[in-house]
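Chains, contacts and geometry: an overview
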Amino acid sequence: MEIKAATGDIVKIKVDAIMVNHYEGMKRPEGAAAAADKVLDGVITQLIKQGDIKGKLNEVTLIHSLGRLPAGRIAVVGLGKKKELNTNKIRGAVAETCRYLRGKGVATLASGVQGAGINDIKTEESVQAMTEGAVLGLYAFRRHITKKEDNFGEIKQFTIVGGEKRQLEKAIEKGQILAEAANRARDMVNEPANFMTPATMAEAARQLAKEYGLKVEVFEREKMKELGMGGLLGVSQGSQQPPRFIILSYQGRPSPEIDMALVGKGITFDAGGIDIKPSEGMEDMKGDMAGGASVMATLMALAQLKPKINVTALVPATENMPSGTAMKPGDIITAMNGKTIEVLNTDAEGRLILADALCYAKKLGAKAIIDVATLTGACRVALGTICTGAFSNNDTLAEKVIAAGKETGELMWQLPMYEEYRELLKSDIADIKNIGNRYGGAITAAKFLGDFVEDTPWVHLDIAGTSETDKEKGYLVKGATGVPVRMLTNVVLAMAHK
Ligand code: BES
Ligand code: ZN
Ligand code: ZN
């Protein structure tokens, strides 16, 4: 889809459809809706009066112009109550409208800048959100569908009409970069495990490096042994697919220092290992590499936005499978920093591979670390599918992360890291065990990771509840969400700017 800026009058544009808005509780159309209403001899006013158009958030009413204006259709989108409007709602409403119009065969679409000036929403914020809404909301994973379906056209061109073309273009570009990076992560997560193996993930990293001028390095088993990555090697030993350790780097300033390491869990399929999972829902575990995909895609965005900061993404990638060579419950393995781990549940594998990746981040001298992982079902139980769980040893960094998520709509909630939880991980025969008791599982998992991070400022994000969705809603479509790519990018941009 081409997204472009234009100046001029929205009712004079010749496109398949124009998008205008209406707010809940307003008696008359305003702005572009009023202009369209005038040309349409009061149709919109009439529909508001009749109660057909209520202005409720994400309500779309389609009006055919029947030749009275150059555009064939007018989509009136509800933006909810004016005083409750924010950029997240704009992003979602534009997404819903775009999907609706795609279903009607609309190929070219134009809209004014939605909601700018209301509740301090700036023009560039709105335009960026509109762009993200269109790109994220129209996302579809259709790679493996061979039949061309009806009602699945394509919006080829989206024109945003406003005052200052250059300002609009800059906001469009940023929105496109962020949303396309999130979509790239979605593509990787939606891909089934027979198409997304550890080796394929490494290939995807190489591809990103080639496309965007990033540095890439991939370790295979030999190198992992040399480094003592007992966690990654242990988890991978039950699988036919060889593991990979992926290092993707963005250099934004001329220094060997690494300002931020982004670590992502890359389990390309989590069967649970010998502690095998129940079959119901096991297919979802193809998405257990969502953390890894998100950190790789974040670097894709950074490479285009070019902040003056150095960021390295680290992704330990492997399957977690049961087999005659698999790790057994009770086995003791040694992580890269020499700590011994008693593996009491082979399904708590994410923390084992992340332990090595966190050690590697420390070895690189990273000044801060954010890790992203579909780590625990317990986090999904605790927070549902609305919020990502956040855990940290550093309030300043945690605040930055959570604030960035409020802007992008990728919500997070911080959970405690009290020392008392660490006691639950005491092992009788090793330095630490990989599970706690039945309760507080998201927190004990975070405490486990904390042992490998030590004092480096660090935030751990458990996306087990947020990485995928089973409903189409706003800018989310069924499947992978692309969380938290836009947030991570914003955090890095904020760090670079100060
Ligand atoms: N990948 C899972 C966590 C998960 C569950 C992600 C549901 C997304 C949706 C993880 O490796 C796992 O199996 N965790 C166990 C830990 C337990 C054995 C301590 C869990 O959450 O049950
Ligand atoms: Zn598991
Ligand atoms: Zn897992």
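See the structure above.
For the structure given in this document, a descriptive report is provided here. Keep in mind that what you see is a predicted model, and the values were worked out from it rather than measured.

Rules used throughout
- Residues numbered from 1 in each chain as written.
- Chains lettered and ligands numbered in written order.
- Predicted model: local features only at pLDDT ≥ 70, side-chain atom pairs only at ≥ 80, totals over all residues.
- Heavy atoms only, no water.
- Helix = DSSP H or I, 4+ residues; strand = E, 2+ residues; numbered from the N terminus.
- Rg over C-alpha atoms; globule rule 2.2 N^0.38 Å.
- Buried < 20%, exposed > 50% of the residue type's maximum accessible area, 1.4 Å probe, protein only.
- Contact = heavy atoms within 4.5 Å.
- Areas by Shrake-Rupley, 256 points an atom, 1.4 Å probe, with all protein chains shown as cover.
- Lys, Arg positive; Asp, Glu negative; His and termini not counted.
- Charge placed at Lys NZ, Arg CZ, Asp CG, Glu CD.
- Polar contact = N/O pair within 3.5 Å; in protein donor to acceptor, adjacent residues only side chain to side chain.
- Axes fitted to C-alpha atoms, helices over the stretch in contact; angles between N-to-C directions.
- Parallel < 35°, antiparallel > 145°, perpendicular 65-115°, else oblique.
- Left-handed = near helix turned anticlockwise from the far one by under 90°.
- Nonpolar A, V, L, I, M, F, W, Y, C, P; charged D, E, K, R; others polar.
- Near = heavy atom within 4 Å.
- Pairing = 2+ DSSP bridges.
- Donors = N, O, S within 2.8 Å, 3.2 Å for Na, K, Ca; no water.
- Tetrahedral: all angles 85-135°; square planar, octahedral: opposite > 155°, others 65-115°.
- Expected span 1.5 Å × (residues − 1).
- Arc of directions from axis to C-beta.

To continue, consider the overall build of the chain. Summing up its helical and strand segments, the chain has 15 helices and 20 strands in all. For 498 residues, the compact-globule formula gives about 23 Å, and the C-alpha radius of gyration of the chain, at 24 Å, lands near that figure. C-alpha extents for the chain along the principal axes are approximately 80 × 50 × 40 Å. The proportion of buried residues among the 498 residues of the chain is 57%. Sequence-distant contacts in the chain: of pairs separated by 6 or more residues, those separated by 24 or more amount to 77%. Only carbon and sulfur atoms are counted for the fraction: they give 50% of the accessible area of the chain, which is about 20800 Å². Across the chain, the centroid of the 63 positively charged side chains sits 6 Å from that of the 61 negatively charged ones.

Assignment of secondary structure puts E342 in strand β13 (residues 340–342). Of the polar contacts made by the side chain of E342, one reaches the side chain of S427; its length is 2.7 Å. What E342 contacts, discounting residues up to four positions off in sequence, is G330, D331, I332, S427, D428, I429, A430, I432, K433 and N434.

A few words now on the packing of helix α3 (residues 87–103) against helix α4 (residues 123–137). Relative orientation and spacing of two packed helices are given, respectively, by the angle between their axes and the distance between those axes. With their axes 7 Å apart at the nearest point, α3 and α4 run at an angle of 40 degrees to one another. When the axis of α3 is compared with that of α4, the two are oblique. For the crossing formed where α3 meets α4, the hand is right-handed. Contacts from T87, I90, R91, V94, A95, C98 and R99 in α3 reach E125, S126, A129, M130, E132, G133, A134, L136 and G137 in α4. Broken down by class, the residue content of the contact of α3 with α4 amounts to eight nonpolar, four polar and four charged.

The subject of this paragraph is the site of ligand 1. Lining the immediate surroundings of ligand 1 are 16 residues, of which D270, K277, D347, E349 and G377 lie closest. In the model, an oxygen atom of ligand 1 is placed 2.8 Å from a nitrogen or oxygen of the D347 side chain. Here an oxygen atom of ligand 1 sits 2.7 Å away from a polar atom, N or O, in the main chain of G377. Expressed as a share of its isolated accessible area of 520 Å², the protein-covered part of ligand 1 is 79%.

Let us look at the pairing of strand β6 (residues 157–161). Side-chain direction in a regular strand flips from residue to residue, so the side chains alternate between the two faces of the sheet. Counting buried residues along β6, four of its five residues qualify, which places the element largely inside the surrounding structure. In the sheet, strand β5 (residues 108–112) pairs with β6 via five bridges, with the strands oriented parallel. Bridge assignment links L109 to a residue of β6, and that residue is F158.

To continue, consider the coordination of the zinc ion (ligand 2). Around the zinc ion (ligand 2), the donor atoms from the protein are D270 (OD), D347 (O), D347 (OD) and E349 (OE), and they sit 2.0 to 2.2 Å away. In this structure, the zinc ion (ligand 2) is coordinated by six donor atoms arranged in irregular fashion, with angles at the metal of 70 to 167 degrees. Sequence spacing among the residues donating to the zinc ion (ligand 2) works out to D-x76-D-x1-E. Here the zinc ion (ligand 3) and the zinc ion (ligand 2) are spaced 3.2 Å from one another, each receiving a donor from D270. Of this pair, D270 sits in strand β10 (residues 266–270) while E349 sits in the loop between β13 and α10 (350–363), and the two are 79 residues apart along the sequence.

The subject of this paragraph is the coordination of the zinc ion (ligand 3). Coordination sphere of the zinc ion (ligand 3), protein contribution only: K265 (NZ), D270 (OD), D288 (OD) and E349 (OE), at 2.0 to 2.4 Å. Given six donor atoms and angles of 77 to 172 degrees at the metal, the environment of the zinc ion (ligand 3) is assigned as octahedral. Binding-site remark: the zinc ion (ligand 3) is held by donors from one chain whose sequence spacing is K-x4-D-x17-D-x60-E. Look at E349 and you get buried, because its relative accessible area is 1%.

This part takes up the sheet that holds strand β17 (residues 432–433). The three strands lie next to each other as β12-β13-β17, forming an open sheet whose pairing is mixed. The outermost strands of the open sheet, each flanked by one partner alone, are β12 (332–334) and β17.

Attention now goes to α4. Across its 15 residues, α4 extends 21 Å between first and last C-alpha, which sits within 8% of the 21 Å expected from 1.5 Å per residue. Burial analysis of α4 places twelve of its 15 residues in the buried class, the great majority of the element. Within α4, the full set of buried residues consists of S126, V127, Q128, A129, M130, T131, E132, G133, A134, V135, L136 and G137.

In a regular helix each residue adds 1.5 Å, so 14 residues correspond to 20 Å; helix α12 (residues 395–408) covers 20 Å between its end C-alpha atoms and thus fits that length. Buried residues of α12: L397, A398, V401, I402, A404, G405 and T408, and no others. Across the axial projection of α12, the buried residues extend over an arc of 155 degrees, all falling on one side. Of the exposed residues in α12, those oriented more than 90 degrees away from the buried face are D395, T396, E399, K406 and E407. A positive backbone phi angle near 85 degrees is found at G409, which sits one or two residues after α12.

Following V483, the chain continues into P484 via a peptide bond in cis, with omega recorded as 0 degrees. With respect to the helices, strands and loops of the structure, P484 is situated in the loop between β20 (479–480) and α15 (485–497). A positive phi angle is found at D120, which is not glycine, with a value near 65 degrees. Take D120: it is sitting in the loop between β5 and α4. Backbone geometry places E454, a non-glycine residue, at a positive phi of 55 degrees. Tracing the sequence through the fold places E454 in the loop between α14 (441–453) and β18 (458–462).

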